[in-house]
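Notes for the structure review
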Amino acid sequence: MIRNFFFGTINRRLNVITILPIVLLFVGVFLVFGLHLRGLILQDQTQEQVTALSVQRHFIERWLEERLRDVVFLSQLRQLRDGSVSDIDLFLREFVDRQAEFDGAIFIDRSGRVLAGIRSGLVVDQSSREFFREAVSGTSTISDVIVGRASGRRLIVFAAPVYAGSGTLRGVAAATVPIEALGTLLGEVNPRAGSRTYILSRSGDLIARSTGITAPANGASASESGASAAPSEILQRALAGSNETRPYTGRGGEAVLGSYQWLRNGMWLLVYETPLSSVLSTYSQYNLSVLAGMLAVIAVLIPLMLLIARTIERPLAALTTMAAEIQNDEYDLGRAMPGIERAPREIRNLHDTLVRMARRIRDDVRELERLATTDVLTGIANRRLFVQEAPRILDISTRSGTPVCFLMLDLDHFKRINDSHGHEAGDVVLAAVADELRRTVRESDFPARMGGEEFAVVAPNCRLDAAGELAERIRRAVADRVISTDAGELRCRVSVGVAQYDEDIHGHGIDGVLEAADAALYEAKRKGRNRVVLSKRSG
């Protein structure tokens, strides 16, 4: 009886043969594509985490190196090498006032006793501290997170030996940074909404996270204070050197997707986590929408599909091809799909909607790309675009055998402009300097604002002497410009460090040549500012 009901006539058999493959096809596509989409989403999120971690690691380690260079530079100044204790005390207090990153600076004699400066929570006797012992042995160093014995504050100490004019060790110069500064650095490269980044010690104690420090001031561990610490699994993966990317259960039973990178040669662990529910929220919504649409199609449209399949088969196939071409950016949005005028009205509307959406998405993506790589204040490239483009320019120059130079620029005494005339005047000055930079460099050069008052220029097909001339033109152009602000007419000066890339000297990548340009910049600052210094570590 059932057999006769389904297969009794040719029409019924055709109906079954037509409907059953459609139902099975929808179910199969839903399952296979759903699983494939889930894997793509997890893979894409993991790559996003790794990219964000690389940027944050670069920021943090570069920031730590810059602070250490500040203290090394401080230790070499005449005031510390030969000055009296009272003169050193006054100089260190002025140093802390000028350097916003530091909240304390001290001078320690060879026995470990603090003689001058602002202690910022450190007690008088520092002889038992590891950073003091390393500095006394002649090594400039960055401490691990320490707890001030007097204040209980969590600090990072940057220390360097101080040698008298005779060459004998006079003591140690040290400056402290509150651990909260690391949280601020993490926040400068914000993770996606709902995600979190933080730094752990090798023992699993929470040091900092992107929204600030959560560990208690008395130095207790994260677990003791109830602060949000990393799941043990991500720490075990890091300690074991595992590259596993599968989701795991985080603190409180929440499933998360996480990635990590080591900082400071394995002393700290930088972790990026996103709740799995947040990662897959779009996936779940998509599945529900697709499932609802499938049920509607099966329940309502299958009877009609048997009648109109032939009339919609060709235009639907053409639309599929068109969508794939749009996805691959191969379709000309200015021309209509062939045969669309003969398609049903719904397909014509779908075609028109798809074209409008593709145009809008294309325009929005271009605008987002522009905004993401342009410094809003100055209109030139930002640090993010510099990090992308500078290695590419260097690679092209290296493969073609042409020289390439890097210029690092820093406005002299810019803090005075902000303090004396306000930040609005400071913004006008930064925009004016960027304008002069844009006018002065060659069309092939790549200028960027690195952050704050620091700029950089990549000069391809340019040797060191020519790059020095370019830097001098920039310096003169900035020095000659009178900048009109609401606070009156202002002038500013820039110091410039120049380095030419040499693989034998700087190694692969841009880090070595940037460090050379940075060192030249610091040399220009040391020699009195408003000048150009060519790196001695250049080809």
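Per chain, residues are indexed from 1 in the order of the written sequence. Totals for whole chains, interfaces and linings use all residues, but because this is a predicted model, local features are given only for residues with pLDDT of at least 70 and pairs of side-chain atoms are given and counted only at 80 or more. Only hydrogens and water are set aside when side-chain values are computed; all heavy atoms of the structure are taken into account.

**Some details on the overall build of the chain**
Selection rule: Only runs of H or I of at least four residues qualify as helices and only runs of E of at least two qualify as strands under DSSP, and these elements are numbered from the N terminus. Here a residue-residue contact requires only that any non-hydrogen atoms of the pair lie within 4.5 Å.
Broken down by element type, the chain carries 17 helices and 18 strands. When contacts within the chain are restricted to residue pairs at least 6 apart in sequence, long-range pairs at least 24 apart make up 62% of them.

**As for helix α15 (residues 464-480)**
Condition: A helix is expected to span 1.5 Å for every residue after the first. Summary of the burial criterion: residues with accessible area below 20% of their type's maximum are buried, those above 50% are exposed, and those between are partly exposed, where the area comes from a 1.4 Å probe applied to protein chains only.
Here α15 is 17 residues long and its end C-alpha atoms lie 24 Å apart, about the 24 Å a rise of 1.5 Å per residue gives. Buried within α15 we find Leu464, Ala467, Gly468, Leu470, Ala471, Ile474, Arg475, Ala477, Val478 and Ala479. In this structure, the buried residues of α15 make contact with β12 (404-411), α14 (423-440), β14 (454-460), β17 (494-500) and β18 (532-534).

**Looking at the sheet that holds β17**
Counted only if it meets this: Two strands are said to pair when DSSP picks up at least two bridges between them. Interaxial angles span 0 to 180 degrees and are taken between N-to-C directions of axes, which are lines fitted to C-alpha atoms, for helices over the stretch in contact.
Pairing in this open sheet of five strands is mixed, and the strands run β13-β14-β12-β17-β18 from one edge to the other. Bordering the open sheet on either side are β13 (446-451) and β18, each of which pairs with just one other strand. The average undirected angle you get between the axes of adjacent strands in this sheet is 20°. Relative to β18, β17 runs parallel, the two sharing three bridges. Within β18, the position partnered with glycine 497 by the bridge is valine 533. Here α14 sits on the sheet and contacts β12, β13 and β14; the angle it forms with β14, its principal contact strand, is near 10°.

**Looking at the packing of aromatic side chains**
Where we set the bar: The pairing test for Phe, Tyr and Trp rings, Trp by its six-membered ring, is centres within 6.5 Å, and the orientation test on the planes gives stacked under 30 degrees, edge-to-face over 60, and tilted for anything in between.
The tally for this structure, following the rule as stated, stands at four aromatic pairs. Their ring planes at 20° and their centres at 6.4 Å tell us that phenylalanine 386 and phenylalanine 446 sit as a pair that is stacked. Here phenylalanine 446 lies in strand β13 and phenylalanine 386 lies in helix α12 (residues 383-400), a separation of 60 residues in the sequence. For the pair formed by phenylalanine 386 and phenylalanine 446, the shared burial category is buried. Clustering of aromatic rings is evident, with ring pairs tying together Trp63, Phe95, Phe102 and Phe158.

**Some points on the pattern of salt bridges**
Our working rule: The term salt bridge refers to a pairing of a side-chain nitrogen on Lys or Arg with a carboxyl oxygen on Asp or Glu at a separation within 4 Å.
Applying the stated rule across the entire model yields 30 salt bridges. In this structure, arginine 449 and aspartate 375 form a salt bridge, with 3.3 Å as the shortest nitrogen-oxygen distance. Of this pair, arginine 449 sits in strand β13 while aspartate 375 sits in the loop between α11 (345-372) and α12, placing them 74 residues apart in sequence. On the basis of relative accessible area, aspartate 375 is assigned to the buried category, the value being 13%. Aspartate 435 is the salt-bridge partner of arginine 438, the closest N and O atoms lying 3.7 Å from each other.

**Side note on the environment of leucine 68**
Note on placement: leucine 68 falls in helix α2 (residues 10-75). Taking the relative accessible area as the measure of exposure, leucine 68 reaches 16% and is therefore buried. Taking the C-alpha atoms as reference, leucine 68 lies 8.1 Å from alanine 160; in sequence the two are 92 residues apart. When neighbours within four sequence positions are excluded, leucine 68 is seen to be in contact with Ser140, Thr141, Ile142, Phe158 and Ala159.

**Let's talk about the side chain of glutamate 454**
Using the following cut-off: When charges are counted, Lys and Arg contribute as positive and Asp and Glu as negative, whereas His and the chain ends are disregarded.
Checked against the element boundaries, glutamate 454 lands in strand β14. Buried glutamate 454, no salt bridge; nearest opposite-charge side chain is arginine 62, N-O distance 4.0 Å. Excluding anything up to four places from it in sequence, glutamate 454 contacts Arg62, Arg383, Met408, Leu409, Asp410, Arg449, Asp518 and Leu521.

**Re the environment of phenylalanine 131**
When you line up the elements, phenylalanine 131 lands in helix α5 (residues 130-136). Overall, phenylalanine 131 belongs to the buried group, its relative accessible area being 3%. On a C-alpha basis, the gap between phenylalanine 131 and alanine 160 in space is 8.9 Å, while along the polypeptide they are 29 residues apart. Apart from residues lying up to four places away in sequence, phenylalanine 131 is in contact with Ile108, Gln126, Thr141, Ser143, Ile146, Val157, Ala159 and Ala174.

**A closer look at the nonpolar core**
If you look at soluble globular proteins, the nonpolar side chains tend to sit buried side by side. Stated formally: Nine residue types can take part in a nonpolar core, namely buried Ala, Val, Leu, Ile, Met, Phe, Trp, Tyr and Cys, and a core is a set of them joined through side-chain atoms within 4.5 Å.
In terms of nonpolar packing, the biggest core is built from 38 residues, with Ile60, Leu80, Phe158, Leu182, Ile199 and Trp268 touching the most fellow members. Going through the elements one at a time, α2, α4 (85-98), β1 (104-109), β5 (154-163), β6 (169-178), α6 (180-188), β8 (206-209) and β11 (268-275) are the ones with two or more residues in this core. Setting aside residues up to four positions removed in sequence, isoleucine 199 forms contacts with Ile60, Leu182, Leu186, Asp205, Leu206, Ile207, Ala208, Leu263, Trp268, Leu269 and Leu270.

**Section: the sheet that holds strand β7 (residues 196-201)**
The strand order across the open sheet formed by five strands is β8-β7-β11-β10-β9, and the pairing between neighbours is antiparallel. Either end of the sheet is taken by a strand with one partner, and the two such strands are β8 and β9 (248-249). In the sheet, β7 pairs with β8 via three bridges, with the strands oriented antiparallel. Following the sheet pairing, tyrosine 198 is matched in β8 by arginine 209.

**Description of the environment of proline 447**
Here proline 447 lies in strand β13. Contacts of proline 447, omitting those with residues within four sequence positions, involve Ile380, Ala381, Leu437, Val441, Ala456 and Val457.

**Some details on the packing of helix α13 (residues 414-421) against α14**
Which entries qualify depends on this criterion: Our angle categories are set so that under 35 degrees counts as roughly parallel, over 145 as roughly antiparallel, 65 to 115 as roughly perpendicular, and the remainder as oblique. Classes in brief: Ala, Val, Leu, Ile, Met, Phe, Trp, Tyr, Cys and Pro nonpolar; Asp, Glu, Lys and Arg charged; the others, Gly included, polar.
Here α13 crosses α14 at 140°, and the two axes come no closer than 7 Å. Overall, the two elements α13 and α14 adopt an arrangement that is oblique. Contacts from Phe414, Ile417, Asn418 and His421 of α13 reach α14 at His423, Ala425, Gly426, Val429 and Leu430. Partitioned by chemical class, the residues of the contact of α13 with α14 number five nonpolar, four polar and no charged.

**Details of the pairing of β17**
Counting buried positions along β17 yields seven of seven residues, so the element is predominantly enclosed. Covered by surrounding structure in β17 are Val494, Val496, Val498 and Gln500 together with Ser495, Gly497 and Ala499, the residues of both alternating faces. The sheet contact formed by β12 and β17 spans seven bridges and is antiparallel. From the neighbouring strand, methionine 408 faces β17, where its bridge partner is glycine 497.

**Topic: the confidence of the model for the chain**
Where we set the bar: pLDDT measures the predictor's confidence residue by residue and takes values from 0 up to 100.
Of the residues in the chain, 78% have a pLDDT of 70 or more, and the chain-wide mean is 82. Across residues 212-230 the pLDDT falls below 50, and counting only partners more than four positions away or on other chains, this stretch makes 42 contacts in the model.

**Some words on the packing of α14 against α15**
As a reminder of what qualifies: Left-handed describes a crossing in which the near helix is turned anticlockwise from the far one by less than a right angle; the clockwise case is right-handed.
Where α14 meets α15, the closest approach of the two axes is 9 Å, and the angle between their N-to-C directions is 140°. By the angle between their axes, α14 is oblique relative to α15. The two elements α14 and α15 meet at a crossing, and its hand is right-handed. Residue-level inspection shows Val433, Glu436, Leu437 and Thr440 of α14 in contact with α15, the latter providing Leu470, Arg473, Ile474, Ala477 and Val478.

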